[in-house]
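Structural characterization, general
Residue strings, one per chain:
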Amino acid sequence: MRDEVAAAYGGTTQTAHAATNGPGDPDLASDIAPAVPGPTTLRRPKFGVFFWICIGWLAILAFCTIFAGLLPLQNPNNNDFAAGINAGISWHHWLGTDQIDRDNLSRLVWGARTSLIIGLLGTAIGMGIGGTLGMLSAYVRGRFDSALSFSMYCGLAFPAIIAVIAILSFWGSSEWHIILVLGLFTVPLIYRLVRAATLATATKEYITAAKSQGATSFRVLFHDVFPNVAPSLIAYTIFTLGGIIAVEGALAFLGLSVTGPSWGNMISDAGNDVGVKLPFILGPAIALFLTLISLNFVGERIRVHYDPGEVKL
Amino acid sequence: MTNGAPAPPSDVTPSSEHAPVDAPPPESRLLLEVTNLRTVFSTPRGPLCAVDGVSLTLNQGETLGVVGESGSGKTVLSRSIMGLLPGSNTFLEGSVRFDGQELVGADESTLRSIWGPRIAMVFQDPMTSLNPVHKIGRQIAETLRLHLKLSKKVANQSAVTLLTQVGIPSPALRAKSYPVQLSGGMRQRVMIAIALACGPELLLADEPTTGLDVTIQAQILDLLAELQRMRRMAMIFVTHDLGIVATRTDRILVMYAGKVVETAPTAKLFANVRMPYTEALLHSTPRLSDPSHTRLQAIEGRPPDLVHPPTGCAFSPRCPYAADRCREESPPLVADPGEPDHFYACWYPRGVSKVQLPQKEPSVV
């Protein structure tokens, strides 16, 4: 009977028995259900179609960001006087022109570049500083943790958007200033999340077990703690990316963002007289909306997919 | 052995050139000597003495069972011996000499070089003591690569060999599994494989079978005994179950409220229980010889609050034989007059003292 079962499953049960000649326990098979021969496969939650649509949109954005200079687009700052201001959709200007005769499509693509670069670099600052400090803080504990947590909560208590507006008005809003300021304001958010996740992981028995095998603190932190913190960190980072892009849009709408093309600038410019130019607002607005929803959805799916707690047998 | 025969094989010769002439034979080499170990946690309520002046010795290849109920300090004792306790609010006093080397107060890197290749630990809950994000083969191989500096390939092969040794079927396939894909018994086997990876001389098994069901328990215990015999490894077996240690240990140490209350070679302990607490533990264990539906005799009350321990004998509030002296003076650990290797901390030890209370008849439900 058992051999039939084994044969039905490709004979792995026999190898199982062959391997049990060790420490004198013939009843080992009771340890595993006899009908389950080899290791079961992990079934992680599926990503789903919508996830891949979102990834597709983000891929298009990434492509535009990287190759904006190589695409057959008009110069986003070039005034095409022949077309006239607020020109409608034409063969030459697929999305029309804005109020100073610039090509909307070109500005949309170059705007994607601005938004993504600010988003990515700002997030990198937040993740690098906030993530590292959060992990160290939760792992070292003690006074270091208390002092750092206190200063981070002070940072969180700051009304961030008002502070950002004040700083940028005073300091001037170049691309690097915006990246730095927005990045630094995400540090406490990421710090808090990573610290909590690290605290939850660092008290687990497998961390004690890793130490009991002689691993150094550095090794425990990066080899054992970090992989357990990473899924939530990555997911939250993607949300943060969306958040920074949205805030950049808001800053641009207030006239505090970069001087070049950005989605926020475009919405702001067209918003001066919505009645005439509603179609032109829709371009950057839809692009912004799709980007944010894609980032949020992708972040959530990645978290669920890689969360060890969500793995089903 | 006849006179003039060639030198007997390995069991006498090896260490003779290093060891002094009158050194004990290698079978009984002293491996671990714990003297007056105290572990104090500073808590918001005040200092908590979880291990209070424990002394013990362990020879190579020997097994010591540490028994006590929850909160008696047995887990803290095993972690204190290893030095594996959170640093900031823990204070360790006394001495732990492992193979002549002092571990209390040793610096981190010394301890780390000992943890793994010389002392290893099997943890209580196999469900939480494996890292969920790494494949088990890798978890075993990492230890090997860290301490024995094996190449990745050799370490992976050794990991599979170890999985075979601990009785995991199709080990090469299993090495590629994540912990979540294994049952509790399997995970505990993996934990044992990780602990044994670097061939430790001392294994601390902290309730290694508590999280497992009874049939798997027996398998894991047999496995540990077998591997211990093969590797001539010393083992400290921490458990609350006297039944488990009864047949598998050379010596038993009974702990209560952080103190050793009775210790003796296993057979002698079971033959002549002296300390009422040990007796109470024995009575609270079900026996096959009892008629069915026999009520177990639970030990009344709860373990004492270690921040404010009772004066006198810590067990006196729960002891059916406690007299005034028990509540006033703490009994020292003394040798039994009849058996010099049997120690107990009791003013009125069972079988010796005159104070006798009628033994409760087991009530049948």
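All names here are of chain B. What the eight strands build is an open sheet, ordered β6-β7-β8-β3-β9-β10-β12-β11; its pairing is mixed. Whereas interior strands pair on both sides, the edge strands pair on one side only; in this sheet they are β6 (119–122) and β11 (334–335). Across five bridges, the pairing between strand β3 (residues 63–67) and strand β8 (residues 234–239) is parallel. For Val 66, the partnering residue across the bridge sits in β8 and is Val 238. Contacting β3, β9 (251–256) and β10 (259–265), helix α10 (residues 276–283) crosses the sheet at an angle of about 100° to β9.

For the rest of this paragraph, the subject is the domain arrangement of chain B. Where the parts come together, the accessible area they lose is often given as the size of the interface. Residues and elements named next belong to chain B. Here chain B is described as being made up of domain 1 (28–68 + 84–256) and domain 2 (261–344). The interface is formed by 18 residues belonging to domain 1 together with 18 residues belonging to domain 2. For the side of domain 1 that touches domain 2, the secondary structure elements donating two or more residues are β2 (46–59), α8 (242–246) and β9. Broken down by element, the residue count for the side of domain 1 that touches domain 2 peaks at six residues, all from β9.

Position of Tyr 344 of chain B relative to the elements: it lies in strand β12 (residues 343–344). Sequence separation of Tyr 344 of chain B and Gly 68 of chain B is 276 residues, and the distance between their C-alpha atoms is 14 Å.

The subject of this paragraph is the nonpolar core. Within the largest apolar cluster, 139 residues are counted, with the highest numbers of intra-cluster contacts made by Ala 193 and Val 261 of chain B. With 14 residues, helix α9 (residues 217–253) of chain A is the largest single contributor of residues to this core. With residues near it in sequence (within four places) discarded, Val 261 of chain B still touches Val 254, Met 255, Tyr 256, Met 275, Tyr 277, Phe 315, Tyr 344 and Ala 345 of chain B. Ranked by size, the runner-up nonpolar core spans 13 residues in total, among them Leu 61, Trp 263, Met 266 and Leu 288 of chain A.

Residues and elements named next belong to chain B. For chain B, per-residue confidence averages 83 on the pLDDT scale, and 88% of positions sit at 70 or higher. Below pLDDT 50 for its whole length, residues 1–25 participates in six contacts with residues either more than four positions away or in separate chains. For this predicted complex, the interface confidence comes out at an ipTM of 0.76, alongside a pTM of 0.74.

Take the sheet that holds strand β4 (residues 90–98) of chain B next. Think of a sheet as strands paired side by side through backbone hydrogen bonds, with each pair either parallel or antiparallel. Residues and elements named next belong to chain B. Strand order across the open sheet formed by four strands is β2-β1-β4-β5, with antiparallel pairing between neighbours. The open sheet has two free edges, formed respectively by β2 and β5 (101–102), since each of these has just one partner strand. Of the strands in this sheet, β1 (30–43), β2 and β4 are in contact with helix α1 (residues 74–82), which crosses β2 at around 70°.

Cut-offs and rules
Residues numbered from 1 in each chain as written. Chains lettered and ligands numbered in written order. Predicted model: local features only at pLDDT ≥ 70, side-chain atom pairs only at ≥ 80, totals over all residues. Pairing = 2+ DSSP bridges. Helix = DSSP H or I, 4+ residues; strand = E, 2+ residues; numbered from the N terminus. Contact = placed C-beta atoms within 7 Å. Axes fitted to C-alpha atoms, helices over the stretch in contact; angles between N-to-C directions. Domains from an automatic or database assignment. Core = buried A, V, L, I, M, F, W, Y, C linked by C-beta atoms within 7 Å. Buried ≥ 20, exposed ≤ 12 C-beta atoms within 10 Å, placed from the backbone. pLDDT = per-residue confidence, 0-100.

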